[in-house]
Amino acid sequence: MVPKFLQTGSSDILASIRHQVLSQSSNPAKKAPVKPALPADDATELPLVTPPKKAVIATAASLIEKCETYMSRADVERIKAAYRYADDAHLGQFRKSGEPYITHPIAVASILAEWHLDCAAIQAGLMHDVLEDTGHSKNELAKLFGITTAEIVDGVSKLDKLKFSSNEIAQAESFKKMLLAMSKDVRVILVKLADRLHNMRTLGVMRPEKRRRIAKETLDIYVPMAHHLGINHCFRELQELCLENYHPRRYAVLYKELIAARQNRKPALEKILQDTKDMFIRANIKGRVLGREKTCYGIYSQMRIKKVSFAEVFDLYGFRVIVSTREDCYRTLGALHQMYKPVQGRFKDFIAIPKSNGYQSLHTTVIGPAGTPVEFQIRTEQMNDIAEQGILTHWLNRGSESEIQTLTHAWLQSLLDLQQKSSSTSEFYENIKADLFPDRIYVFTPKGKIISLPQDSTPVDFAYQIHSDVGNHVSSCRINSQTRSIDTRLQNGDMVEIVTGMTAHPNPQWLDFVRSGKARAEIRQYLRSLDFDEAVKIGRQLLEREAPHAHLQWDTIPDHIWNSVMEEFGVDSRASLYGMVGSGKASFVVVLHRIQTLLEQAKEPLKQDHAIEVVVNGQAQTAQLARCCHPVLGDAICVFERAGHGLTVHRASCMHAQHAKTNNADRWEEATWGDNANQHFIAPIDLKVSDVRMSISHATQTVAQEGASIVGLNIPDDQNDPQLQLLVQVDNRIQLMRVMRALKQIPNVTDVRRKFESSF
């Protein structure tokens, strides 16, 4: 329904917007590019945290005004023509908020203008939804605005979701198309980032579940994209918006706490600022210092990873010191360490070892006045430009060639290689997400070359990063001159040497410890190339070798257990099951776990009806647990008295209980839990995952670390939308919540939900 204030006069609103842009006078002379204003050399600022920007309705007049600051008159006229075209194409369309749809493309183009992108990119920003939402064609765009603009628009446009079996598949196919266009023109992803940024700023009108889904997708794909391209201000704002939309209450609490902490520590921060300014004078260093405060998202991430409270977060505040030369960076570091005591293990030299996106800076954490831990980032003006603007420095400096362009091209090429190595859309999506994560480590080859890898990578990941042939023939490795296992987790600064052998080949077991998308894609491609007999041989050898580690006696596994496992995997022979393991289509961990679980259930069938104690009307009584809703100690409960069978405990919100109460209200009673200190409870959990083999392996370890156990497992049939179903045995609801929180931390798990109504 169109909002009341738009039910009349909506055409007048659109006409007014059109009039604004057409009536703007163009500056006849091209103005010099204006870089973002920077403080004076001796400027200081206190650290401030600001909430994510709230989008205001963008106008064509403000867009043209921004473009006129750095574009020629001819380019501004082209922008106006693109606006008129987009305005006509979207005429009569409205956003969820009730605003004319054209306000969104104008806002996207305005963000691109703030980034000082060129005419073609801003035209594409204005028309980025024309191909998707209207009847206009790419050929029409090319004739009117040129092939470059048309290619950018086409690269950004989404594919029709009706062609695909799930939203994730549609997203992956769309991303593949965008990737191909990005490899030709990086402006595609810049337009897409601007589009996503404005959508996130205006996400508040959406339903909560849709806000969470879009925030999750943004965090998985677009936040790492912004990081890899070095656009720090976009990266940080998207992170904040994701937290605000995914966990609005947590964000509000954190923001309030951060504001309060700022007031408490203001005197100490002002003293640090003055001390640093005095240090510049004593050391004869020309520079400036800027305050920086950790974002709510950064604080929240640190609290989750380290399992600490807000008060225990180590460094809420930091300062950025900007000096003239590389040598001054190291001189400043020495002067700071003389003034304040450095924290051991908190120094990083990203100048000598730059990040994969070209970022350079010295990081050190020191103990300031009153024991306040403070991080300093030290860099030059040029390093600061790259750190904040990333690939945008190419446009800010008007076409100058830079190292960051080379790095960006290499990164895009690596993504294209992943696409070619992946056998399916879901596999490609999984590999892309693995390599997009911003957490990276930096290790060295024996010749001193720096290799960037995802966190927790192994020598096998390293080998595939060097070359596919090196990875396919890894036999052993040396880390820091010591012989180590090829599944060893690498650390920052390790020097890695790979030993190859012509008889060495990828093993399905490697898939359970590699972390990079490139390694995973290469291993799977090799395993798929094996003939059936070779895959059967490899699969059987792997299962036999690993069976003792799962406490299984291989030769004593009964036929009926094998038959059950074969039925679950959809095969009719053990050879076919071995072949699935050998070709990487099934995880040996999953197969052995199922055998182990089925054997245990055969010895002692799973019992969910053991007697527990509840309190009804002030009296302790024994009861059985209902199988429909799986109540756990700590849940709100009610009981049902069935003649001849005693009491049955249901969750108070159980749908069966709610329905039955309407027919037999006199046989239902409110209840509370009694003394059940030594009892165990069974709860079903659904896990949405991107990789079944890795998720089940990690899930088993994670549940065990929380003191619980998995007593049942269903393996999904739909590989396009994989979902594991676990039966977890816990002591109480608190332990169950801990287990679910821990499961959410597994990289390949996208969602964790307790299943309340189940016949598992």
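Residues numbered from 1 in each chain as written. Predicted model: local features only at pLDDT ≥ 70, side-chain atom pairs only at ≥ 80, totals over all residues. Heavy atoms only, no water.

### What to know about the overall build of the protein chain
Counting secondary structure elements, the protein chain contains 29 helices and 20 strands. When burial is assessed residue by residue, the protein chain has 52% of its 760 residues classed as buried. Of the contacts made within the protein chain by residues no fewer than 6 positions apart, 70% connect residues no fewer than 24 positions apart. Carbon and sulfur atoms make up 50% of the accessible area of the protein chain, which totals about 35,100 Å². (Helix = DSSP H or I, 4+ residues; strand = E, 2+ residues; numbered from the N terminus. Buried < 20%, exposed > 50% of the residue type's maximum accessible area, 1.4 Å probe, protein only. Contact = heavy atoms within 4.5 Å. Areas by Shrake-Rupley, 256 points an atom, 1.4 Å probe, with all protein chains shown as cover.)

### What to know about the packing of helix α7 (residues 138-145) against helix α8 (residues 147-156)
The geometry of a pair of packed helices is captured by two quantities: the angle between their axes and the separation between those axes. Here α7 crosses α8 at 145 degrees, and the two axes come no closer than 7 Å. The hand of the α7/α8 crossing is right-handed. Contacts between α7 and α8 involve Lys138, Leu141, Ala142 and Phe145 from the first element and Ile147, Thr149, Ala150, Glu151, Val153 and Asp154 from the second. Broken down by class, the residue content of the contact of α7 with α8 amounts to 6 nonpolar, 1 polar and 3 charged. (Axes fitted to C-alpha atoms, helices over the stretch in contact; angles between N-to-C directions. Left-handed = near helix turned anticlockwise from the far one by under 90°. Nonpolar A, V, L, I, M, F, W, Y, C, P; charged D, E, K, R; others polar.)

### Comments concerning helix α29 (residues 733-744)
Over its 12 residues, α29 extends 17 Å from the first C-alpha to the last, a length consistent with the 16 Å expected when each residue adds 1.5 Å. Taken as a whole, α29 has its buried residues at Gln735, Leu736, Val739, Met740, Ala742 and Leu743. Viewed end-on, α29 has its buried residues packed into an arc of 160 degrees, placing them on one side of the element. Across α29 from its buried face, at more than 90 degrees, point the exposed residues Ile734 and Arg741. Two or three places before isoleucine 734, at the start of α29, stands the capping residue asparagine 732, its side-chain oxygen 3.2 Å from that residue's backbone nitrogen. (Expected span 1.5 Å × (residues − 1). Arc of directions from axis to C-beta. Polar contact = N/O pair within 3.5 Å; in protein donor to acceptor, adjacent residues only side chain to side chain.)

### Quick notes on a positive patch on the surface
A grouping of Arg212, Arg250, Arg304, Arg741 and Lys744 is seen on the molecular surface, where their side chains present a positively charged patch. By relative accessible area, arginine 304 is classed as partly exposed at 35%. (Patch = residues over 30% accessible without salt bridge, like charges linked within 9 Å, V, L, I, M, F, W, Y side chains within 5 Å. Salt bridge = Lys/Arg side-chain N within 4 Å of Asp/Glu carboxyl O. Lys, Arg positive; Asp, Glu negative; His and termini not counted. Charge placed at Lys NZ, Arg CZ, Asp CG, Glu CD.)

### Points about the packing of aromatic side chains
Enumeration according to the criterion identifies 9 aromatic pairs in this entry. Ring centres 5.3 Å apart and planes at 75 degrees place the aromatic pair tyrosine 85 and phenylalanine 145 in the edge-to-face group. Taken together, the residues span a long stretch of sequence, with tyrosine 85 in helix α3 (residues 73-89) and phenylalanine 145 in helix α7 at a distance of 60 residues. Judged by relative accessible area, which is 11%, tyrosine 85 ranks as buried. Both rings, one in tryptophan 554 and one in tyrosine 578, keep their centres 6.3 Å apart while their planes meet at 35 degrees; by these two values the pair is tilted. With tryptophan 554 in the loop between α23 (532-546) and α24 (559-569) and tyrosine 578 in helix α25 (residues 574-582), the pair connects residues that are 24 residues apart, well separated along the chain. Judged by relative accessible area, which is 14%, tryptophan 554 ranks as buried. (Phe/Tyr/Trp six-rings, centres within 6.5 Å; stacked < 30°, edge-to-face > 60°.)

### Side note on the pattern of salt bridges
Counting across every chain of the model gives 24 salt bridges. The partner of aspartate 75 in a salt bridge is arginine 78, with the nearest N and O atoms 2.5 Å apart. On the criterion of helical spacing, the pair formed by aspartate 75 and arginine 78 is a turn pair, its members being 3 residues apart in helix α3. Classification of arginine 78 by relative accessible area gives partly exposed; the value is 43%. The partner of aspartate 751 in a salt bridge is arginine 753, with the nearest N and O atoms 2.7 Å apart. Taken together, the shared-partner salt bridges in this structure form one network comprising Asp635, Arg651, Arg733 and Arg754.

### Details of unusual backbone geometry
In the Ramachandran plot, aspartate 456 falls in the positive-phi region, its phi being about 70 degrees despite a non-glycine side chain. The topology assignment puts aspartate 456 in the loop between β8 (450-454) and α20 (459-466). Of note in this structure, asparagine 617 is not a glycine but carries a positive phi near 55 degrees. Within the fold, asparagine 617 resides in the loop between β12 (611-616) and β13 (619-625).

### A look at the pairing of β12
Here β12 shows a clear split, with Ile612, Val614 and Val616 buried on one side and none of Ala611, Glu613 and Val615 buried on the other. Here β12 runs beside β13; their pairing, made up of 6 bridges, is antiparallel. Note that in β13 the partner of valine 616 across the bridge is glutamine 619. Where β12 folds back onto β13 in an antiparallel hairpin, the turn is made up of 2 residues, including asparagine 617, whose phi is positive at roughly 55 degrees. Pairing of β12 with strand β16 (residues 668-673) involves 2 bridges; the strand directions are antiparallel. The residue of β16 that forms the bridge with valine 614 is tryptophan 673. (Pairing = 2+ DSSP bridges.)

### Quick notes on the sheet that holds strand β15 (residues 646-651)
If you trace the 5 strands once around the closed barrel, you get β12-β13-β15-β14-β16, paired in mixed fashion. Each neighbouring strand pair of the sheet contributes to a mean axis angle of 55 degrees, computed without reference to strand direction. Taken together, the 4 bridges between strand β14 (residues 637-642) and β16 define a ladder with antiparallel strand orientation. For phenylalanine 640, the partnering residue across the bridge sits in β16 and is tryptophan 668.

### Brief notes about the sheet that holds strand β17 (residues 681-689)
Within the open sheet, the 4 strands sit side by side as β18-β19-β17-β20. Their pairing is antiparallel. In this open sheet, the two strands that pair with only one neighbour each are β18 (709-714) and β20 (749-754). Each strand axis lies, on average, 30 degrees off the axis of its neighbour in the sheet, ignoring direction. Together, β17, β19 (723-730) and β20 form the strand contacts of α29, whose direction differs from that of β20 by roughly 165 degrees.

### Description of the packing of helix α13 (residues 248-283) against helix α15 (residues 326-339)
For the pair α13 and α15, the least separation of the axes is 10 Å and the interaxial angle reads 120 degrees. Put simply, α13 runs oblique to α15. In the crossing of α13 with α15, the sense of the turn from one axis to the other is right-handed. Packed against α13, whose contacting residues are Asp275, Thr276, Met279, Phe280, Arg282 and Ala283, the element α15 presents Arg331, Thr332, Ala335, Leu336 and Met339 at the interface. Residue composition of the contact of α13 with α15, by class: 6 nonpolar, 2 polar and 3 charged. (Parallel < 35°, antiparallel > 145°, perpendicular 65-115°, else oblique.)

### Some points on α15
If you check α15, its first and last C-alpha atoms are 20 Å apart, about what 14 residues at 1.5 Å a residue would give, namely 20 Å. For α15, the complete set of buried residues consists of Asp328, Cys329, Thr332, Leu333, Ala335 and Leu336. Contacts made by the buried residues of α15 are with α13, β2 (317-323), β5 (362-367) and β6 (373-380).

### Things to note about the environment of asparagine 714
Here asparagine 714 lies in strand β18. We classify asparagine 714 as partly exposed; its relative accessible area is 34%.

### As for the environment of leucine 254
Following the sequence through the fold, leucine 254 ends up in helix α13. Leucine 254 sits 43 residues away from tyrosine 297 along the chain, and the two C-alpha atoms are 9.0 Å apart. The contacts of leucine 254, once residues within four sequence positions are left out, are Leu243, Cys296, Ile299, Tyr300, Met303 and Phe310.

### Concerning the confidence of the model for the protein chain
Per-chain confidence: the protein chain averages 79 in pLDDT, with 78% of residues scoring 70 or above. A low-confidence stretch, residues 1-44 (pLDDT under 50), is modelled with 79 contacts involving residues beyond four sequence positions or located in other chains. Contacts of residues 159-163 to residues separated by more than four positions or lying in other chains number 6 contacts, the stretch itself having pLDDT below 50. (pLDDT = per-residue confidence, 0-100.)

### A few points about the side chain of glutamine 123
On the secondary structure map, glutamine 123 appears in helix α5 (residues 119-126). What makes glutamine 123 buried here is its relative accessible area of 4%. Residues contacting glutamine 123, with those up to four places away along its chain left out, are Arg78, Ile79, Ala82, Phe145 and Thr149.

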